Each structure stands twice: as structure tokens, then as C-alpha cells.
Amino acid sequence: MKAFQIEQGIVAPIDRANVDTDMIIPKQFLKSILRSGFGPNLFDELRYLDKGEPGQDCSARPLNMDFVLNQARYAGTSILLARKNFGCGSSREHAPWALDDFGIRCVIAPSFADIFFNNCFNNGLLPIVLDEAIVDDLFARVAANEGYQLTINLPEQCVTTPEGNSYSFEVDANRKHRLLNGLDDIGITLNSADAIKTYEQKWRQQSPWLFDSIK
Amino acid sequence: MAGKTLYDKLWDSHVVEQRADGSALIYIDRQLLHEVTSPQAFEGLRLAGRKPWRVDANLATPDHNVPSDVHERAGGIASIVDEISRIQVQTLDDNCDEFGIKEFKINDREQGIVHVVGPETGATLPGMTLVCGDSHTATHGAFAALAHGVGTSEVEHVLATQCLVQKKMKNMKVEVTGTLGLGVTPKDVVLAIIGKIGTAGGTGYAIEFAGQVFRDMSMEGRMTVCNMAIEGGARIGMVAVDDTTINYVEGRQFAPKGEQWQQAVAAWRDLVSDDDAVFDAVVTLRGEDIRPQVTWGTSPEQVAAVDAVVPVPADITDPVQRAAAERALTYMGLKGGMAISEIPVDEVFIGSCTNSRIEDLRAAAAVVAGKQKAASVTRAMVVPGSGQVKLQAEQEGLDKIFIAAGIEWRQPSCSMCLAMNSDVLPAGSHCASTSNRNFEGRQGFGGRTHLVSPAMAAAAAIYGHFVDVSKL
């Protein structure tokens, strides 16, 4: 997993509430057995005017120029600014994979759906919750200033604006540690293998029907 | 000290290790696997040289990419037309064979949608923790299990460690009192709940569905309700154990037998919230107030009673919600103020992990019996949730009722709930669907989904538009 320390980048605004994971990456692309290559199909139905198919060369497809990610002023964006309940819907980790593959490192929104929020941390992406009023203000600033950039400082847990405003955000200590160091969660959990075995032995005695029934 | 909620009890009994930052290592008793969200997890195991911690905790079956068409299904995996789908289903077989995981393969009688297969085989049991790389895993909470969807990294994590790092959610009680009116089903109950709390209303919470309406509900109905907890933002939806739960589980393939059964039932009786348990939020609805529901927009919260009208965006005060309604109506090709019953229905889909169980098919068959599909409805299909549901429905003659009415009888699959197989809703078509999501493009690029109950979908197939089943 990629480590996340400090990210400075152009902000692209996705100005609608309840952006769902079907929107972030439509189902036909979930047929891939790989983890990479989803970037060209990020927001496929909003980004292109035709229907996308897996394995297609997207460079020749007709673009929807009304969609922010197709506009020159947002080229090279690494930070998405979004509305409430971003990432609702399915548990598909293909959504953070597609964002990551496209080059997004951070999503800022007033709220996120639980499963998507969790999936981000397993893929080196940082989802940041800021107050709705701050998000509203950032939307206005992004619209007014071409090339508007934010700096995300994970060690300090703050977002700073070019105007010099600084907004702090919350992140769990464990998730922060993993993001900062790009650590694999499984390796950390396996350090507790003895505790898992002890629990398992006790649980098996208490609830034997939960073991060895599926063969 | 206050008593414990059902969720508190399930959580407490599965804590392996409490961590300083408030997270905990939670033991996972069961993982269900399907072809879409598992290949990268197995690949991760291989790359790291890891083996599954406990093979017997896992059960797999392909469902999303599996054809529902009898001809495309006939030759097993080899006859799947779409090459990428075929590879994905084959990859599940290969991975399960390689790691020794039990799988119901494409044409096994027990194959079906994971959330139908788990409960009906007894792989889902009260008191267990259960995960699956699918957000509709909340379904299994109907058994007083702690069940939720996970991403693929977590699928791999559970395979490798039998645990997940979790933070405890807050407790929400959604109480539905009284009784339901004629023609009002569990699907209408859960849509009404989502309409009330909103699609993010349950975010951060584990929901317990309580009250007389759920006590009176069958297990199939409870599964429908818990299934859609995620559409209200909650990863977890649960119903406490009672006789209905225990009677359903008894005798199933993987359920405990003999002395162990007695021991298990004694333990399961405690899987209820204590009388003095404290919930962080409580929402109450009256069963008598709930009418048959139809979604008009592109979020499950955009829902109305069948005898109501599509809302007028200008009447919505919240600017973000107003903009969402305007966008939804444009996408859906509807006008604010029009009656829900005026919406023409082009296609009908009865199936999905929400509504493809035997009781759902019986409810749909009861509506169509002796009638004919409207000529204006170009296609109507029933896709049973599993081979066992299909077999039982055929033994009851339900297939013949559907076929006689001009409705297609299909093979078990997720099918047009998300259109990963060949069943795709054409652009611009309105579909009365018993599935769980009406997102843009969900059932097909440009497709327009209206979420309804099986009885409402069946009635729409007959009349070509939405009708109030309580008046039939």
C-alpha cells in the first residue's frame, strides 16, 4: 500500500450528494480479476457519452465535457471535493481502486458511507470529513479560482488553503499509523496470532456448532 | 449499569483484542464468497504466501455473473457468453479448489445468490459474525447474527486471519408498531423506513428492527428488511431471536443437530436486547401508516406511496435535496406532480437478494394467477434466488403460473439487480424491480429503476403501470 504523508494538489468538485459506488465505477468493470486498470473507467457514465465496456480503449470515446474531470482546469487533480454520503451503495473496493488508479489521493466531504470510508484506508486513500459549511466554502473557492489547490497534511491532521486557512480533521490513530507508513493490515493482525488462537479455542468450546460444519 | 443491546452482545462475544484507539480485533465465524469481490483477495494470499486461517469458516458460490437464461446456463461455465464473466466465475472455482474451500458451483442444486444460500443451508446461524464482500450481507442480521459487507482487502484479511479490525458502531432501534395493512409487505416497510431516515440516516449505526411488525414477520420478510439496512446507510441490520428464527434454522444442512442443537438453542435465546438496553437513536413508525411503496428517483430514499404523486422539486426546501430531485426526475423522465400510478412500466424484474425467496415468489404468483402480462410490458422475468428456491417453487407449480401469464421463469442469479450477466435493462426503459438499488445505470446504462415489492411488481406486469395491490 502507498504511504500517505502530505499531499498538495488541484481540487476537483463533484457537486452532488449521495455519489454511489455504481457511479464511481459501473458494474461491468467489476468483472476484472485484477486490482489495477480501473482509472480510465472512473465515473464512466458521467465521463463519457457512450456506454463503456471492459477492455475498451477509452482514448477514442466521446467525452462529456460538462463533467469536471474532463475539463482542462482540473487536469492532474489528486483531491476530490464532494457532498454528503459520498461512496454510498455497494462494498466494491473497485471504487477506491478506480480513484487511486486515476490519481486521486484524498476525498473531502461532509460525510461518507461507512464501507467506502473503510475501504479507502485499505488502499492508501485518505477520506476527510469537514463541516458542511467549510465544504460549501471550499466549493465556492474552487469554482472561483482556476487551479485551486489544497494541502493535506496527515501528520498534522489538517487541510490548508492557499488563503492560509487551516481546517483540522479527525482520523483514528491506527488508520493514521497505517497510512503514514503504508502498512499492510494483515501483517499487523498476524502479530496477534496467539490471541486469536486463544480466543478461538475458548469460542470453540462454547459454540462448537460454529466449527467444522462446512466440509 | 444499563443492559445490553443485541448488537452489544454480539460484539462483546467476538472481541479477540481491544486496542487503545478504540478499535478491536473481532473474530469472524463465517465468510461467504462470490466471484466478483474475491479474486483479488485470493491473489493477495498467493502473493504473500499465506493460507486461509480456517477453511471450514468459508462457503462460496458464484452469483453475480451467472446467466439466468436456461440455454446460456446449460453448459455450465463454458457456456457463459461474456468472456470476462466466464473468466471471473472460473477463477472462483479455481481459487476454491486450490485453497480447499467449499463451493456450490454454477449448476449445483444449492447454487444461488449468497444471501439466499447462506440462510437456507444453515451456513448462517444466530449469534455468529458473518461477512461477505457485498454490502447486502446485512441480510443475515435477520438471524440475530452480526453481519456486514466488507471490501476485498477485508475479504483477504478474514481469509488470512479469521479476524477484522473494527470500531464499534452506535446502536439504533427502528421500531415498527402495530400491524401491516392488506397488501403491505416487508419491502414496503423497509422502503418506508428509508424514506423516513434517508439514505444516510443509519450511517455509523447498527440497526435493530424491533416492534410487533417484525415479531409477526417471517424469516424471509426479516431478511428483506435487514438486506436493505445498507440503503438506509447502516452496514448492519438485525432482528432478535424468537421461535420464528429457531424454527427456520432447525434441520438445515449446516445447522447443528442432536445434543448440539439443544445447546445452541439455549445460547441463542439470549440474543435479544435487554429490556433496559439504551439505544443512541430510536425511530418509530406505525405499521398501519405504511402503504405499498414505489421509488420515483435514483436513490432509495426517493420513495412515495403508490397512491401519492411524484414530488415537485420546487417544493423541496433543502437546496442539495432539491438539486438531487431535479437531477433524478430528468434521469427518470418523470415530471413532479404526476401520479405514481401514471408511470408506465416497460419491464418487470422479480428477483435479487432482497426479494427472490419462496415467499416472494408466492406473493407474486398470487397476483398474476389467471391473468396476462400487459402487452405494453416488453419483458417480465422471475429469477429465483437459488436452486432450492427454484425447485420448491416448481413443486408448488408457481413456474407454471408465471409462464402462463407470459412471465419468464429463469435460473438462479443476481441477474438484472445489477446487470452483470446478460440481463440488462435498456436505456430509457422503466422497470418495476424487486431489487434494492435504483441508482443511475444500476440495471443497465440509462435504465430507470422503480423499487417495489414482489406483489407490486407482479401487478405492474399485469397492468403496465403501478397499481395499488391493497385494492386488488
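On a predicted model such as this, the values are computed, not experimentally measured, just so you know.

1. So, the overall build of chain A
Scanning chain A from N- to C-terminus turns up eight helices and seven strands. In terms of overall dimensions, chain A has a C-alpha envelope of 65 × 45 × 25 Å along the principal axes. Burial analysis of chain A (215 residues in total) assigns 60% to the buried set. For chain A, restricting intrachain contacts to residue pairs at least 6 apart in sequence, the fraction spanning at least 24 positions comes to 64%. Counting only carbon and sulfur atoms, one obtains 48% of the accessible surface of chain A, whose full area is about 8400 Å².

2. Some words on the domain arrangement of chain A
As assigned here, chain A comprises domain 1 (6-183) and domain 2 (184-215). The distance between the C-alpha centroids of domain 1 of chain A and domain 2 of chain A comes to 36 Å.

3. So, the sheet that holds strand 6 (residues 129-132) of chain B
All names here are of chain B. The parallel open sheet is built from five strands, whose spatial order is 5-4-3-6-7. Among the strands making up the open sheet, the edge pair consists of strand 5 (102-103) and strand 7 (146-149). Two elements, strand 4 (residues 58-60) and strand 5, share two bridges in a ladder whose sense is parallel. Residue pairing for strand 5: alanine 60 is matched across the bridge by glutamate 103.

4. A closer look at the side chain of threonine 434 of chain B
Inspection of the secondary structure puts threonine 434 of chain B in the loop between strand 18 (430-433) and strand 19 (448-451). By relative accessible area, which is 0% here, threonine 434 of chain B ends up buried.

5. Some points on the pattern of salt bridges
With the rule as written, the count across this model stands at 42 salt bridges over all chains. One salt bridge connects aspartate 136 of chain A with arginine 83 of chain A, and the closest N-O pair in it is separated by 2.6 Å. Of this pair, aspartate 136 of chain A sits in helix 5 (residues 132-144) while arginine 83 of chain A sits in the loop between strand 2 (79-82) and helix 3 (94-102), and the two are 53 residues apart along the sequence. On the accessibility criterion, arginine 83 of chain A (12% relative accessible area) is buried. Here glutamate 347 of chain B ties to arginine 379 of chain B by a salt bridge, and the two come within 3.0 Å at their closest N and O atoms. Taken together, the residues span a long stretch of sequence, with glutamate 347 of chain B in strand 15 (residues 347-350) and arginine 379 of chain B in strand 16 (residues 379-382) at a distance of 32 residues. For glutamate 347 of chain B, a relative accessible area of 4% translates into the label buried.

6. Re the packing of aromatic side chains
The full count for this structure, using the stated rule, is 17 aromatic pairs over all chains. Aromatic side chains phenylalanine 38 of chain A and tryptophan 97 of chain A sit 6.0 Å apart centroid to centroid with 25 degrees between the ring planes, which places their arrangement in the stacked category. Here phenylalanine 38 of chain A is found in the loop between helix 1 (21-24) and helix 2 (44-47), whereas its partner tryptophan 97 of chain A is found in helix 3, with 59 residues between them in sequence. Of the two residues, phenylalanine 38 of chain A and tryptophan 97 of chain A, both sit in the buried class. Directly above the aromatic system of tyrosine 48 of chain A lies the positively charged group of arginine 61 of chain A, at a separation of 3.8 Å from the ring centroid. Stacked on the ring of tyrosine 248 of chain B, the Lys or Arg arginine 252 of chain B has its end atom at 3.8 Å from the ring centre.

7. Quick word on the layout of surface pockets
Roughly 390 Å³ of volume is contained in the second largest pocket. Lining the second largest pocket are 24 residues, with Asn18 of chain A together with Ser299, Glu301, Gln302 and Ala324 of chain B positioned closest to its centre. Those elements that provide at least two residues to the lining of the second largest pocket are helix 7 (186-197) and helix 12 (319-332) of chain B. Sort the elements by how many residues they give to the lining of the second largest pocket and helix 12 of chain B lands first, with five residues.

8. Regarding helix 5 (residues 114-121) of chain B
All names here are of chain B. When you tally the buried positions in helix 5, you get eight out of eight residues, the bulk of the element. Buried within helix 5 we find Val114, His115, Val116, Val117, Gly118, Pro119, Glu120 and Thr121. Turning to helix 5, the residues buried within the fold contact strand 3 (30-33), strand 4, strand 6, helix 9 (219-227), helix 10 (243-249) and helix 14 (387-395). Where helix 5 terminates, the next one or two residues include glycine 122, which has phi positive at roughly 75 degrees.

9. Focus on the side chain of glutamate 120 of chain B
Tracing the chain through its elements places glutamate 120 of chain B in helix 5. Buried charge without a partner: glutamate 120 of chain B forms no salt bridge, and the closest opposite charge is arginine 252 of chain B, 5.6 Å away.

10. Some points on the nonpolar core
With 111 residues, the main nonpolar core has Phe43, Phe86 and Ile108 of chain A as its most contacted residues. Looking at which element gives the most residues to this core, the answer is helix 16 (residues 454-463) of chain B, with eight residues.

11. Looking at the environment of lysine 390 of chain B
Residue and element names in this part refer to chain B. When you line up the elements, lysine 390 lands in helix 14. Look at lysine 390 and you get buried, because its relative accessible area is 15%. Once the C-alpha coordinates of lysine 390 and valine 272 are considered, the two residues, 118 residues apart in sequence, prove to be 33 Å apart. Not counting residues within four places of it along the chain, the set of residues in contact with lysine 390 comprises Pro384, Trp409, Arg410, Gln411 and Pro412.

12. Some words on the pairing of strand 8 (residues 163-167) of chain B
Residues and elements named next belong to chain B. By the criterion of burial, strand 8 is predominantly enclosed, with four of the five residues buried. One ladder, built from five bridges, connects strand 2 (residues 23-27) with strand 8; its direction is antiparallel. By the bridge assignment for strand 8, alanine 24 is matched with glutamine 166.

13. Side note on helix 12 of chain B
All names here are of chain B. Here helix 12 contains 14 residues, and its C-alpha end-to-end distance of 20 Å stays within 8% of the 20 Å for a straight helix at 1.5 Å per residue. Among the residues making up helix 12, those that are buried are Ala325, Ala328, Leu329, Tyr331 and Met332. Buried residues of helix 12, seen end-on, are gathered within an arc of 160 degrees and therefore sit on one face of the element. Of the exposed residues in helix 12, the ones pointing more than 90 degrees away from its buried face are Pro319 and Thr330. You can read the cap of helix 12 off the contacts: a side-chain oxygen lies 3.4 Å from the backbone nitrogen of valine 320, and it is on aspartate 318. In the stretch just after helix 12, glycine 333 is the one whose phi turns positive, near 70 degrees.

14. Digging into the sheet that holds strand 16 of chain B
Pairing within the open sheet is parallel, and its five strands lie in the order 17-16-15-18-19 (chain B). Two strands bound the open sheet, and with one partner strand each, they are strand 17 (408-409) and strand 19 of chain B.

15. Focus on the interface of chain B and chain A
Contacts between the two partners involve 82 residues from chain B, matched on the other side by 62 residues from chain A. Between chain B and chain A, roughly 6000 Å² of surface is buried when both sides are summed, and carbon and sulfur atoms account for 58% of that area. Inspection of the chain B/chain A interface yields six salt bridges. Between aspartate 184 of chain A and arginine 50 of chain B there is a salt bridge, with the nearest N and O atoms lying 3.5 Å from each other. Counting the contacts that link chain B with chain A gives 33 residue pairs in polar contact (both at pLDDT 80 or more). The dominant element in the side of chain B that touches chain A, judged by the number of residues it contributes, is helix 6 (residues 152-161) of chain B, at seven residues. Its residues assigned to classes, the side of chain B that touches chain A comprises 32 nonpolar, 30 polar and 20 charged.

How each quantity is defined
- Residues numbered from 1 in each chain as written.
- Chains lettered and ligands numbered in written order.
- Predicted model: local features only at pLDDT ≥ 70, side-chain atom pairs only at ≥ 80, totals over all residues.
- Heavy atoms only, no water.
- Helix = DSSP H or I, 4+ residues; strand = E, 2+ residues; numbered from the N terminus.
- Buried < 20%, exposed > 50% of the residue type's maximum accessible area, 1.4 Å probe, protein only.
- Contact = heavy atoms within 4.5 Å.
- Areas by Shrake-Rupley, 256 points an atom, 1.4 Å probe, with all protein chains shown as cover.
- Domains from an automatic or database assignment.
- Pairing = 2+ DSSP bridges.
- Salt bridge = Lys/Arg side-chain N within 4 Å of Asp/Glu carboxyl O.
- Phe/Tyr/Trp six-rings, centres within 6.5 Å; stacked < 30°, edge-to-face > 60°.
- Lys NZ or Arg CZ within 6 Å of the ring centre and 35° of its normal.
- 1 Å grid on protein atoms, 1.4 Å probe; cavity = no way out; pocket = protein on both sides within 12 Å on 5 of 7 lines; lining within 4 Å.
- Points joined across faces, edges and corners; volume = space filled by probe spheres on them.
- Lys, Arg positive; Asp, Glu negative; His and termini not counted.
- Core = buried A, V, L, I, M, F, W, Y, C linked by side-chain atoms within 4.5 Å.
- Expected span 1.5 Å × (residues − 1).
- Arc of directions from axis to C-beta.
- Polar contact = N/O pair within 3.5 Å; in protein donor to acceptor, adjacent residues only side chain to side chain.
- Buried area = accessible area lost by both parts, 1.4 Å probe.
- Nonpolar A, V, L, I, M, F, W, Y, C, P; charged D, E, K, R; others polar.

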